[in-house]
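# Topology and contacts: notes
Read off the chains here:
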Amino acid sequence: MPSNALTVIHKFIRRELFDFAERLFRAEPQDCSAISQALEDVTALLFQHAAMEETRLHPMLADADRTLADHLLHDHHRLHDDLERLRAAASTLTANEVDCTERLLQLHLDWNRFLAAYLAHLDEEERSLFAPSLISFLPSLPGLRPCAVSLRVAPSCCACGP
Ligand SMILES: [Fe+2]
């Protein structure tokens with residue numbers, strides 16, 4: 001598949017989502033605070049990416065197709081709310097809880113459900129919302145630097161940033 005700046009960014013986002021899923025799968029009660037922090041990091045990435053799409057791509061999408069643009073925002077809001085629920089659950093994890101293992105399992109299940117929804121969102125963006133046929137009508141995507149996407153290395157120079 002021919003890639004563009006957006007699909008390259010999505011590729012790195014997918015990796016971050018799966019990395020966190022694996023980390024959560026392997027987590028023990030003593031990892032609770034690290035899990036909570038890792039979820040904060042992934043959340044920051046996803047919020048930053050959504051903000052970038054809404055600031056830079058949504059206006060152009062709205063000019064091309066208002067219905068698709070509204071759908072994009074609706075999806076972003078839904079996923080935002082799901083993430084906030086996950087953050088709230090993770091923020092109260094502590095290694096000392098009697099039921100910590102059970103709560104980690106619940107977070108693991110809930111994260112994988114969110115992951116499935118987020119992957120479907122990325123797929124829809126690539127197939128229809130920001131499809132090559134639509135992107136070709138749009139101006140170039142200034143500021144998207146896919147070579148700098150890996151937030152693990154340098155969040156400040158991420159393509160999702162200002
Ligand atoms: Fe999006």
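One can find the structure itself at the top, above this paragraph.
Because the structure is a prediction, the values reported are computed rather than measured.

## Let's talk about the overall build of the protein chain
In terms of helices and strands, the protein chain carries 5 helices and 0 strands. If you list the helices and strands of the protein chain from N to C, you get α-α-α-α-α. Counting all 162 residues of the protein chain, 20% fall into the buried class. Sequence separation of 24 or more characterises 73% of the internal contacts of the protein chain that already satisfy a separation of 6 or more.

## Notes on the nonpolar core
Soluble globular proteins tend to pack their nonpolar side chains together in the buried interior. Ranked by internal contacts, the top residues of the largest apolar core, which has 23 residues, are Leu24, Ile35, Ala90 and Leu107. Those elements giving two or more residues to this core turn out to be helix H1 (5-26), helix H2 (32-64), helix H3 (66-91) and helix H4 (100-129). Ranked by residues supplied to this core, first place goes to H2 with 9 residues. Residue contacts for alanine 90: discarding those within four places in its chain leaves Ile35, Ser36, Leu39 and Leu107.

## Digging into H4
Taking 1.5 Å as the rise per residue, H4 with 30 residues should run 44 Å; its terminal C-alpha atoms sit 40 Å apart, in good agreement. Where H4 is concerned, the buried positions are Leu104, Leu107, Trp111, Leu122, Glu125 and Leu129. The inward-facing, buried residues of H4 abut H1, H2 and H3.

## Structural notes on the packing of H2 against H3
Packing of H2 against H3 brings their axes to within 10 Å, and their N-to-C directions diverge by 170°. Of the possible angle classes, the one that applies to H2 and H3 is roughly antiparallel. Along the contact surface, H2 presents Ile35, Ser36, Leu39, Glu40, Thr43, Leu46, Ala50, Glu54, His58, Leu61 and Ala62, while H3 presents Arg66, Leu68, Ala69, Leu72, Leu73, His76, His80, Leu83, Leu86, Arg87, Ala90 and Ser91. Here the residues of the contact of H2 with H3 are counted per class, giving 13 nonpolar, 6 polar and 4 charged.

## Overview of the environment of leucine 107
Position of leucine 107 among the secondary structure elements: in helix H4. Counting along the chain gives 83 residues from leucine 107 to leucine 24, while the straight-line C-alpha distance between them is 8.0 Å. Leucine 107 has contacts with Leu24, Ala89 and Ala90, leaving out every residue within four places of it along the chain.

Reading the values: rules and limits
- Residues numbered from 1 in each chain as written.
- Predicted model: local features only at pLDDT ≥ 70, side-chain atom pairs only at ≥ 80, totals over all residues.
- Helix = DSSP H or I, 4+ residues; strand = E, 2+ residues; numbered from the N terminus.
- Buried ≥ 20, exposed ≤ 12 C-beta atoms within 10 Å, placed from the backbone.
- Contact = placed C-beta atoms within 7 Å.
- Core = buried A, V, L, I, M, F, W, Y, C linked by C-beta atoms within 7 Å.
- Expected span 1.5 Å × (residues − 1).
- Axes fitted to C-alpha atoms, helices over the stretch in contact; angles between N-to-C directions.
- Parallel < 35°, antiparallel > 145°, perpendicular 65-115°, else oblique.
- Nonpolar A, V, L, I, M, F, W, Y, C, P; charged D, E, K, R; others polar.

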